[in-house]
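Spelled out, the chains give:
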Amino acid sequence: MKLVGVLLAIFGWLLPVIALNMTSSTGARTFLCILGIGISLFAILGLLNKAHQKEAVWKQ
Amino acid sequence: MKRCTWLKPCLWAAIAALLVCSLPAWAQGQTAAPSAPAAAPAPPPIAVDAPLNVSGPTADDLAAGDPSGTKTGTVNDVVHADPTKPLTLIDLVNQAGQNRIAINFTWTLVAGFLVMFMQAGFAIVETGLCRAKNANHTMMMNFMVYGFGLFAYWVCGFAIQMGGSAGATMLGGANPLNHEFAIHLMGHDWGLWGTKGFFLSGATYDVGVMVLFLFQMVFMDTALTIVTGAAAERWKYVAFCVSSVFLGAITYPMFANWAWGGGWLSKLGANYGLGAGYADFAGSGVVHSVGGLTALALAYIVGPRIGKYNRDGSSNAMPGHDMVIVLTGCFILAFGWFGFNPGSTLGASGALRISSIAVDTMLAGCTGSFGAVLYMWIKYGKPDASMSGNGLLAGLVAITAPSGYVNTMGATIIGFIAGLLVCVSVEYIDRVLRVDDPVGAISVHGTNGIWGVISVGLFADGTNGVKGLFYGDPTQLVAQLIGVATLLGFVFTVSYVANVAIHFIVGQRVSASDELEGLDIPEMGALCYPEFVLKPDTSHNGAAASIKAGLQVARETA
C-alpha cells in the first residue's frame, strides 16, 4: 500500500504538468490541477497514513 | 479763415510711407507663425575622463572636527580610479554604481543575519513545546541542523539551486552562476538543476555570489529546522544527521531551483502563458512547505510518541514544559521574518517596496494570531497560548509567498485565514490522521505554506508584476496550483522515500526504553536540566495505560 501511495502521489503531480500541453483552456487546466492535488492528497493522507497506522505503536 | 492747402498732401504722403514700410513686416508675420523651432545644436560630447574642477573641505577644515556633519561625505570621499590624478566624471559614475550595490549587499546581508537568528527562535519554540526530559536532544537537533545544512549546501545544494540562475541584477549580476541543466520536452526547455557553484569554487569565488549564498543558505536552514519539531522526542540523532544533510543537499535545492533558480516552474509564464510563472516571493512553498511536507513524511516514519494515543485511538495532550520560551521564540521568529520577507528583494536601492512588504508581514502575523485566539476562545473557552504562537507563525508563513505582491487588505485576510487554518489543521492531523506532531510544524509550515502559495494566485494585485484571480488573471492561480501539486507529488515523495531508506540503514526511531527515559541521557549523554525531577506524565486519562504498555514494549525490546 505504501508503494501505491507513493506512485499515486507522483501521478497527482504529473497529471497537471503533462496536461499543460493537452489543453490551453485555463478552466480545464485549473480543473486538472485540482484533480491532481486531490489525488496526491488522497495518496499521502489516505493510503500512506493508513499503511503506517497499521503498525502504529499505540496499536501494539 | 485761410486753409492750409499744403497739409493734405503731406498727410497722404505720410500714410503711404507708413504702409510701404509696414508691408514687409506684415508679410513676415504671415509666413513665420507655423514654422517649427530650429533644431537645438548638438551638445558638446561629455569628456568622461576630463578632470572635474571640484574641491571639498581642506585638511585644516577636517582637522577642526565636523559636529554638524556637513564636511563628512563630500567629494573628498569619492574614490579616484587613479589617485594621482584629479577626479573625473567616470569616477563619479562608478561611485554611484558601487554605492547602489553596496546598499544592496548591506541590506541583503543584514536580512540574512536576521534570518539566521530565526534558528534560535525555532530552537526555543520547539524545545519549549517538548517535555523537559527531551530538552537537550531537541536543542541539539536545532543547533546542529545549522552546521549540517550549511555544509551540505556549500558542497552541492547551492550549485543545484542557483547554479543556473544567472545571478541577481540587484547584487551586481553574479554572472558566474550561468549554467542550468535542462531537458527539452514537449516543445520547451525544462530546467532541472544548476551546475555552477559546487564548493563555491572557480569563478563562483565572487562577491555577489557570496551574498547570494549566505542569504539562500539561511533560507534553506529554516526548512531543515522545521522537520526537527515534528519528529521531536523520538528521532534518533544519527538519523536526524543523515536526513538533514540529504534535505539540504538534494530535496530543498531541487525545488528551490525550479521556483527561484531559473527552473521549469519559474518559466510557466513564458512557456505556457500562466501569469508570471510560479510566484513564491520569499518561500511559503520553497521553504515552509518543503519543511512541512518533509516533517509529515518523517512523522509517518517515526510514528507517534509512546503515550500520545490510547488503544482506542483517542489522543492525549502532551503539553510542553516552558511556555515562556515558546512565546519568546515566536517573537524572535516574528523579528527574523523582517529579514525573511523584505530581504527577499535582494536589495534596497531600486526596491523601495521593502516598506510595504514589511508592513504586510506585520499585519499577517498579527491577524494570524487573532484568528487562532478567536478559534480557540470560541471553541474551548480559553485563548490557548501555544496556539496563539502558532497562529502568529501561521500568518507569517502564509504571507511569505504573497508579501511582495499583495496590498495590506490582502495580507490581513491571508493572515487571518492562516490563523484559523492552523487550528483546524492541528486538530485534523492529531485526531483524524493520528499523526503525532509535538510542535504543530506540519500545520504551521506545511498547511499554511500551501495556503500562502495559493493565496498569491488569488490576492496578488498586479502592482509588482503578478496579478491574481481577484484582480483579473486566473492563469496565475494555475501556475500556483501546479506548484502545490509539485510540492505534494515531488517534494513529499522524495523526502518520504529517502527517509524510508535511512530508516532501513540506521533506523529512524529510538528504542522505547530510551524514549520513556527521555532522550537527553541516552542520545546526548547529559540532561538539559540536571536539577529537575523528571517523571512520566500520568495526568491524563489513558496516558498511564499507554505508558505502561510502552514500558512493556521497552522490556521486550531490551
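Above: the structure in question.
Residues numbered from 1 in each chain as written. Chains lettered and ligands numbered in written order. Predicted model: local features only at pLDDT ≥ 70, side-chain atom pairs only at ≥ 80, totals over all residues.

Caption draft 1: Seen up close, the packing of helix H11 (residues 385–400) of chain B against helix H13 (residues 441–459) of chain B. Residues and elements named next belong to chain B. Between H11 and H13, the least distance of the axes is 7 Å, while the angle of their chain directions is 35°. For the pair H11 and H13, the crossing hand works out as right-handed. Two secondary-structure elements touch here, H11 through Asn390, Leu393, Ala394, Val397, Ala398, Ile399 and Thr400 and H13 through Val444, His445, Asn448, Gly449, Trp451, Gly452 and Ser455. (Axes fitted to C-alpha atoms, helices over the stretch in contact; angles between N-to-C directions. Helix = DSSP H or I, 4+ residues; strand = E, 2+ residues; numbered from the N terminus. Left-handed = near helix turned anticlockwise from the far one by under 90°. Contact = placed C-beta atoms within 7 Å.)

Caption draft 2: Region of the structure containing the environment of arginine 100 of chain B. Residue and element names in this part refer to chain B. Position of arginine 100 among the secondary structure elements: in helix H3 (residues 89–129). In sequence terms arginine 100 and alanine 479 are 379 residues apart; their C-alpha atoms lie 33 Å from each other. Sequence-distant contacts of arginine 100, defined by excluding residues within four places in its chain, comprise Ser349 and Gly350.

Caption draft 3: Region of the structure containing the interface of chain A and chain B. Taken together, the contacts link 29 residues of chain A with 31 residues of chain B. At the level of secondary structure, the elements contributing two or more residues to the side of chain A that touches chain B comprise helix H1 (2–18) and helix H2 (26–53) of chain A. The biggest single contributor to the side of chain A that touches chain B is H2 of chain A, with 15 residues. A per-class count over the side of chain A that touches chain B returns 18 nonpolar, ten polar and one charged. (Nonpolar A, V, L, I, M, F, W, Y, C, P; charged D, E, K, R; others polar.)

Caption draft 4: Region of the structure containing helix H14 (residues 474–506) of chain B. Residue and element names in this part refer to chain B. Along its 33 residues, H14 runs 47 Å from first to last C-alpha, staying within 8% of the 48 Å computed at 1.5 Å per residue. Of all the bends in H14, the greatest measures close to 30° and is centred on leucine 487. Burial analysis of H14 places 24 of its 33 residues in the buried class, the great majority of the element. One or two steps after H14, the chain reaches glycine 507, where phi turns positive at roughly 80°. (Expected span 1.5 Å × (residues − 1). Bend = angle between axes of the 7 residues up to and from the residue. Buried ≥ 20, exposed ≤ 12 C-beta atoms within 10 Å, placed from the backbone.)

Caption draft 5: A look at the nonpolar core. Phe255 and Ala299 of chain B are the most contacted members of the largest nonpolar core, which totals 159 residues. Here the element with the most residues in this core is H14 of chain B; it accounts for 15 residues. (Core = buried A, V, L, I, M, F, W, Y, C linked by C-beta atoms within 7 Å.)

Caption draft 6: Local environment of the pairing of strand E1 (residues 180–185) of chain B. Here six bridges tie E1 of chain B to strand E2 (residues 188–194) of chain B, and the two strands are oriented antiparallel to one another. Within the sheet, the bridge partner assigned to alanine 182 of chain B lies in E2 of chain B and is glycine 191 of chain B. (Pairing = 2+ DSSP bridges.)

Caption draft 7: Spotlight on the environment of aspartate 66 of chain B. All names here are of chain B. In this fold, aspartate 66 is placed in the loop between helix H2 (59–63) and H3. Aspartate 66 gets classed as partly exposed once you count the C-beta atoms within 10 Å, which come to 13. Sequence spacing of aspartate 66 and threonine 228 is 162 residues, and the spatial spacing of their C-alpha atoms is 53 Å.

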